[in-house]
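Descriptive analysis of the structure
Each chain, letter by letter, is given below.
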Amino acid sequence: MITPVLLCGGSGTRLWPLSRKSYPKQFARLMGAQTLFQASAERLSGDGFAAPMVLTNSDFRFIVTEQLAEVGIDPGAVLIEPQGRNTAPAVLAAALWLEQTDPEGLMLVAPSDHVVPDAPAFRAAVAAGIPAAKAGMLVTFGIKPTHAETGYGYLELSEDPGDFAARPIPLSRFVEKPDAGKAAEMLAAGTYLWNAGIFLFSVKTILAAFRAHAPDLIAPVQAAVAQGRPDLGFFRLDPEAWQGAQDISIDYAVMERAKNLAVVPYAEGWSDLGGWDAVWREGGRDAAGVGTSGPATAIDCTDTLLRSEDAGLEVVGIGLHNIIAVAMPDAVLVADASRAQDVKQAVAALKAKQAKQAESFPKDHRPWGWFETLVLGERFQVKRIHVHPGAALSLQSHHHRSEHWIVVEGTAKVTVDDEVKLISENQSVYIPLGAVHRMENPGKLPMVLIEVQTGAYLGEDDILRYEDVYARK
């Protein structure tokens, strides 16, 4: 059995404004009905695969389990990283965890934000790498290049891949992201593959590699696992020990130093969606090269991507060429497609001016559901709140605001001080300043309500929690 290890702690700033720190691209429905994370989990499931292991951060833990439940996948261990330390500590933590139960087993490490249209072909490539992994090789997967890409690292093969059939080939070296001229040379040579950042190896082999090539990582990560603690259905790595681990990628820490390397070529389609230009390439386009998503209309446009992520916001392009336009309820990106890799500069500029759009998503996702602000005034705020079936907000009070709740879908079970009652559609309840209150959804369908807040301060930190089923402080 192979244990998939899904890494999903990144922020994906090059796909801003759809991907942000609070809700990054792996959890978005960029290429269809499923999120990238869901598609990754399904791709690495079925015969020969154990339940997926997930490494993520605390903010995403409930999103992970919620999205896996939506596609009928029960995860194995979900390890919570106290802070991002790049891929090497994450992979080592996963290996140390698996060593406790299956030291001889195989683990397949994969990012959770890639697009692989042909899942059976990818599973066949993984199967082709199994004998090498069992024999003690560190197996990576390289993608047959389709163009001179400067946004990817490359893998130089020690022999001609021929027809690019999926089979282990000795790896000569890793190549850093090239400039345009070098990328064109490597594409023409035919002996270079894109580095997909996907790895297959046995638990004992990768642990031996860490001991040989990155021994300084062993002690802090081992302590983070040993001193970690269960938290509901998750496992929190110890923050103090984890902080002592170097921030370094698995490529730099191990792969570029190891000799027991092999690469399996893969030529059936792949993208890491590293920018809006990649989304344009991977999505459906018309004869003029125009791709649209959501309520978007293109008139006399060529080689252009128009996306609206709000059903009530129509995006119209007229006479555009080589343009990317992505509209969210709170932010709009318009860029020349040749500058797609520079979108992260926009995020940095917004951070510098302290614009909330830099990192915060319009919908604030919580363990019980989500909310979004509809109107915000100086002394009032109107929110739409969506509560999952069976979910409950914390028992709480506020120092600075009162609230009025109007149920518009479903039924809410509402606690206000000592009174508990059911509120149905078109009914409302008032929460006075300082009252101890809670809302729950006792039904089997989502419950939606409109919340009107009034007060001198309306920030999310004006919450005093008394009880919380999700163990939040």
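Look a little higher up for the structure.
Predicted, not measured: the structure shown is a model, and the values here were computed from it.

What follows deals with empty space enclosed by the protein. Here the idea is plain: a probe the size of a water molecule rolls over the atoms and shows the empty space left. Taken as a whole, this structure holds 3 cavities of 30 Å³ or more when the rule is applied. Volume-wise, the largest cavity comes out at about 200 Å³. Every residue lining the largest cavity is counted, 21 residues in all, and those nearest its centre are Trp368, Leu393, Gln396, Glu460 and Ile463. Of all the elements in the fold, those that place two or more residues in the lining of the largest cavity are strand S20 (380-387), strand S22 (401-409), strand S26 (437-440) and strand S27 (447-455). In the lining of the largest cavity, the residues fall into 7 nonpolar, 5 polar and 9 charged.

One pass over the full model with this rule turns up 12 aromatic pairs. Here tyrosine 23 and phenylalanine 27 contribute two aromatic rings whose centre-to-centre distance is 6.1 Å and whose plane-to-plane angle is 45°, an arrangement assigned as tilted. Phenylalanine 27 carries the same exposure label as tyrosine 23, and that label is buried. Considering the side-chain rings of phenylalanine 27 and phenylalanine 37, the 5.7 Å spacing of their centres and the 70° angle between planes classify their relative orientation as edge-to-face. Highlighted residues: phenylalanine 27 in the loop between strand S1 (2-7) and helix H1 (36-43) and phenylalanine 37 in helix H1, separated in sequence by 10 residues. Phenylalanine 37 carries the same exposure label as phenylalanine 27, and that label is buried. Chaining the aromatic ring pairs together yields one cluster made of Tyr23, Phe27, Phe37, Phe60 and Phe361. Across from the ring centre of tryptophan 280, 4.3 Å away, lies the NZ or CZ of arginine 285, which sits over that ring. Lying across the ring of tryptophan 370, lysine 363 places its NZ or CZ 4.1 Å from the centre.

Moving on, we get to the sheet that holds strand S16 (residues 323-327). Taken in spatial order, the 4 strands make up an open sheet running S12-S14-S16-S17, and their pairing is mixed. Each of the sheet's edge strands pairs with one partner strand only, and the pair in question is strand S12 (291-293) and strand S17 (332-336). Going from strand to strand, the sheet's axes swing by 5° on average, the running direction of each strand aside. With 3 bridges joining them, S12 and strand S14 (residues 305-308) adopt parallel strand pairing. From the neighbouring strand, glycine 291 faces S14, where its bridge partner is leucine 305.

A large share of S1 lies buried, amounting to 6 of its 6 residues. The alternating pattern of S1 places Ile2, Pro4 and Leu6 and Thr3, Val5 and Leu7 on opposite faces, both of which are buried. The sheet contact formed by S1 and strand S4 (residues 106-111) spans 6 bridges and is parallel. Note on S4: the bridge partner recorded for threonine 3 is methionine 107. Across 3 bridges, the pairing between S1 and strand S2 (residues 53-57) is parallel. Bridged to leucine 7 within S2 is leucine 55. In this fold, the crossover linking S1 to S2 by way of H1 has right-handed handedness.

Before going further, it helps to examine a nonpolar patch on the surface. On the surface, a nonpolar cluster with roughly 280 Å² of combined accessible area is contributed by Ile299, Val316 and Ile318. Position of valine 316 among the secondary structure elements: in strand S15 (residues 315-318). The partly exposed category is assigned to valine 316, whose relative accessible area is 49%.

What counts and how
Starting from 1, residues in each chain are numbered consecutively following that chain's sequence as written. Selection of residues for local features in this predicted model requires a pLDDT of at least 70, selection of side-chain atom pairs for listing and counting requires 80 or more, and totals for whole chains, interfaces and linings are taken over all residues. Hydrogens and waters are ignored; side-chain quantities use all the structure's heavy atoms. Buriedness of a pocket was judged along seven lines, with at least five required to meet protein on both sides within 12 Å; pockets are open sets of points on a 1 Å grid over the protein atoms alone, cavities are sets where a 1.4 Å probe fits but cannot get out, and lining residues have an atom within 4 Å of a point. Grid points are joined across faces, edges and corners, and a volume is the space filled by probe spheres set on the points. Think of it this way: any DSSP run of H or I at least four residues long counts as a helix, any run of E at least two long counts as a strand, and we number them from the N terminus. The nonpolar class holds Ala, Val, Leu, Ile, Met, Phe, Trp, Tyr, Cys and Pro. Asp, Glu, Lys and Arg form the charged class, and all remaining residues, Gly among them, are polar. Paired rings are identified among Phe, Tyr and Trp, the last through its six-membered ring, by centres lying within 6.5 Å, and are further divided according to the angle between planes into stacked (under 30 degrees), edge-to-face (over 60) and tilted (the rest). Think of it in three bands: residues with accessible area under 20% of the maximum for their type are buried, residues over 50% are exposed, and the middle band is partly exposed, with areas taken using a 1.4 Å probe on protein chains only. Cation placement over rings: the criterion is NZ of Lys or CZ of Arg within 6 Å of the ring centroid and within 35° of the ring normal. Between any two strands, pairing holds if DSSP finds at least two bridges. Helix axes use the C-alpha atoms of the stretch in contact, all axes being lines fitted to C-alpha atoms, and the angles between their N-to-C directions lie in the range 0 to 180 degrees. With the strands pointing away from the viewer, any crossover whose connection runs clockwise from the first strand over the helix to the second is right-handed. Patches draw on residues past 30% relative accessible area with no salt bridge. Two like charges within 9 Å are joined, as are two nonpolar side chains (Val, Leu, Ile, Met, Phe, Trp, Tyr) within 5 Å. Working definition of accessibility: Shrake-Rupley area with a 1.4 Å probe, residue cover restricted to the visible protein chains. Should a side-chain nitrogen of Lys or Arg be within 4 Å of a carboxyl oxygen of Asp or Glu, the pair is scored as a salt bridge.

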